[in-house]
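Here is what each chain is made of, one letter per residue.
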Amino acid sequence: MSEQDQQPYVVVERRASGVVAFLCGALVGAGVALLLAPKSGRETQADLKEGARRLREGTGERLTDLRDTLGERYDRTRDRVETQVGTFRRNVADRQKKAGEAIKAGKDAARQARSDLEARVSESKEAYRAALAEGGDPEGHPEDGSGDATGDETGEAPEADEKAGDADGGASRE
């Protein structure tokens, strides 16, 4: 074997459409008919004209059929694509709506939680101030000072706590 025989090779097959194959077959058939025809020139010419006429008609019919088939396939494909695009758009719109609703619900829940927190802070401040006004220990420690972590018996620590409670800059009073 030669070196060229050992090289890999690729076979390319081309598929021609039915119309091209039909035309090639018709031409080959006409050529063979001319060579093998036992008829006279005039008869052969008449046969060739008849064959050409039939070829034109057959080709015209095939082209019409092909055009109709392609048109139907185009219409079906277009309808499917339009349906899928419509479905996709509806899905996107639904998801956008659900996302908007979720965001709104989240904002509402955050507002409610803030409102609840502000109310509890306000209640705590009121209770603290009321305990101070009564002269008691708002922390719940005994008045003998034994439970006071600061060791300060003057009662200044609660005022500092009250000031620390207001350190939020009045944000809870908005």
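Just so it is clear, the model here is predicted, and its values are computed rather than measured.

K.L.:
Would you mind showing me how to read the overall build of the protein chain here?
P.N.:
Along the backbone of the protein chain there are four helices and zero strands. In sequence order, the protein chain lays out its α and β elements as α-α-α-α. Counting all 174 residues of the protein chain, 6% fall into the buried class. Long-range contacts, defined here as pairs at least 24 residues apart, represent 63% of the contacts in the protein chain between residues at least 6 apart. Put simply, the protein chain shows about 14900 Å² of open surface, and 54% of that area lies on carbon and sulfur atoms.

K.L.:
Sorry if this is basic, but what is going on with a nonpolar patch on the surface here?
P.N.:
Taken together, the side chains of Val28, Val32, Leu35 and Leu36 present a nonpolar region at the surface, about 450 Å² in accessible area. With respect to the helices and strands, the residue Leu35 is situated in helix H2 (residues 18-36).

K.L.:
Is there a simple way to explain the pattern of salt bridges in this structure?
P.N.:
It is possible for side chains bearing opposite charge to pair when their charged atoms get close. The full count for this structure, using the stated rule, is seven salt bridges. Across the pair Arg78 and Glu82 runs a salt bridge whose closest N-O atoms are separated by 3.9 Å. Note that Arg78 and Glu82 are positioned in helix H3 (residues 41-133) at a spacing of four residues, about one turn of the helix. Given the relative accessible area of 33%, Arg78 is considered partly exposed. Where Asp108 meets Lys104, a salt bridge forms, and the shortest distance between an N and an O atom there is 3.2 Å.

K.L.:
Even after reading the chapter, I still don't get a negative patch on the surface, so can you show me in this structure?
P.N.:
A contiguous patch of negative charge, built from Glu61, Asp65, Asp68 and Glu72, is present on the exposed surface. Inspection of the secondary structure assignment puts Glu72 in helix H3. Judged by its relative accessible area of 47%, Glu72 is partly exposed.

K.L.:
What am I meant to see in the packing of aromatic side chains here?
P.N.:
For any pair of aromatic rings, the description rests on two quantities: the centre-to-centre distance and the angle between the ring planes. Taken as a whole and assessed by the stated rule, the structure comprises zero aromatic pairs. Taking the ring centre of Phe22 as reference, the NZ or CZ of Arg62 above it sits at 5.0 Å.

K.L.:
Before we go on, may I ask you to explain the side chain of Thr59 in this structure?
P.N.:
Structurally, the position occupied by Thr59 is in helix H3. For Thr59, the residues in contact, after removing those within four places along its chain, are Phe22 and Leu23.

K.L.:
Help me understand H3, please; the structure alone is not making it clear to me.
P.N.:
Helical periodicity: at 3.6 residues per turn, an α-helix aligns residues three or four positions apart in one direction. In this model H3 runs 134 Å from its N-terminal to its C-terminal C-alpha over 93 residues, within 8% of the 138 Å that 1.5 Å per residue would give. Thr44, Gly58, Thr59, Gly86, Lys125, Tyr128 and Ala131 are the residues of H3 that are buried. At the C-terminal side of H3, Gly135 shows a positive phi close to 90°.

K.L.:
Explain the packing of H2 against H3 here, please?
P.N.:
When two helices pack together, their arrangement is captured by the angle between the axes and the distance separating the axes. With their axes 11 Å apart at the nearest point, H2 and H3 run at an angle of 175° to one another. Here H2 is positioned roughly antiparallel relative to H3, judged by the angle of their axes. Residue-level inspection shows Gly18, Val19, Phe22, Leu23, Ala26 and Leu34 of H2 in contact with H3, the latter providing Thr44, Leu48, Leu55, Thr59 and Arg62. For the contact of H2 with H3, a count of residues per class yields seven nonpolar, three polar and one charged.

Procedures and definitions
- The residue numbering used here restarts from 1 in each chain and proceeds along that chain's sequence as written.
- Since the coordinates come from a predicted model, pLDDT governs what is reported: local features require at least 70, and pairs of side-chain atoms require 80 or more to be given and counted, while whole-chain, interface and lining totals use all residues.
- Only hydrogens and water are removed before side-chain values are computed, so all heavy atoms of the structure are retained for them.
- Only runs of H or I of at least four residues qualify as helices and only runs of E of at least two qualify as strands under DSSP, and these elements are numbered from the N terminus.
- In this scheme, a residue with accessible area under 20% of its type's maximum is buried, one over 50% is exposed, and one in between is partly exposed, where area comes from a 1.4 Å probe on protein chains only.
- Here a residue-residue contact requires only that any non-hydrogen atoms of the pair lie within 4.5 Å.
- Surface accessibility follows the Shrake-Rupley procedure with a 1.4 Å probe radius. Residue values consider only the protein chains on display as shielding.
- Each patch is built from residues lacking any salt bridge and having more than 30% relative accessible area; the joining distance is 9 Å for like charges and 5 Å for nonpolar side chains (Val, Leu, Ile, Met, Phe, Trp, Tyr).
- We define a salt bridge as a side-chain nitrogen of Lys or Arg found within 4 Å of a carboxyl oxygen belonging to Asp or Glu.
- This count recognises Lys and Arg as positive and Asp and Glu as negative, with His and chain-terminal groups excluded.
- The atom standing in for a charge is NZ when the residue is Lys, CZ when it is Arg, CG when it is Asp and CD when it is Glu.
- Only the six-membered ring of Trp is used, alongside the rings of Phe and Tyr, when aromatic pairs are assigned; centres must lie within 6.5 Å, and planes under 30 degrees apart are stacked while those over 60 apart are edge-to-face, with the rest tilted.
- By definition, being over a ring means that NZ of Lys or CZ of Arg is both within 6 Å of the ring centre and within 35 degrees of the ring normal.
- In this scheme, a helix's expected span is set at 1.5 Å multiplied by one less than its residue total.
- Angular values range over 0 to 180 degrees, each being the angle between N-to-C directions of two axes fitted as lines to C-alpha atoms, with helices fitted over their stretch in contact.
- Put simply, angles under 35 degrees are roughly parallel, angles over 145 are roughly antiparallel, angles from 65 to 115 are roughly perpendicular, and the rest are oblique.
- Three classes are used: nonpolar for Ala, Val, Leu, Ile, Met, Phe, Trp, Tyr, Cys and Pro, charged for Asp, Glu, Lys and Arg, and polar for all others, with Gly counted as polar.

All we've got here are geometric facts, nothing functional implied.
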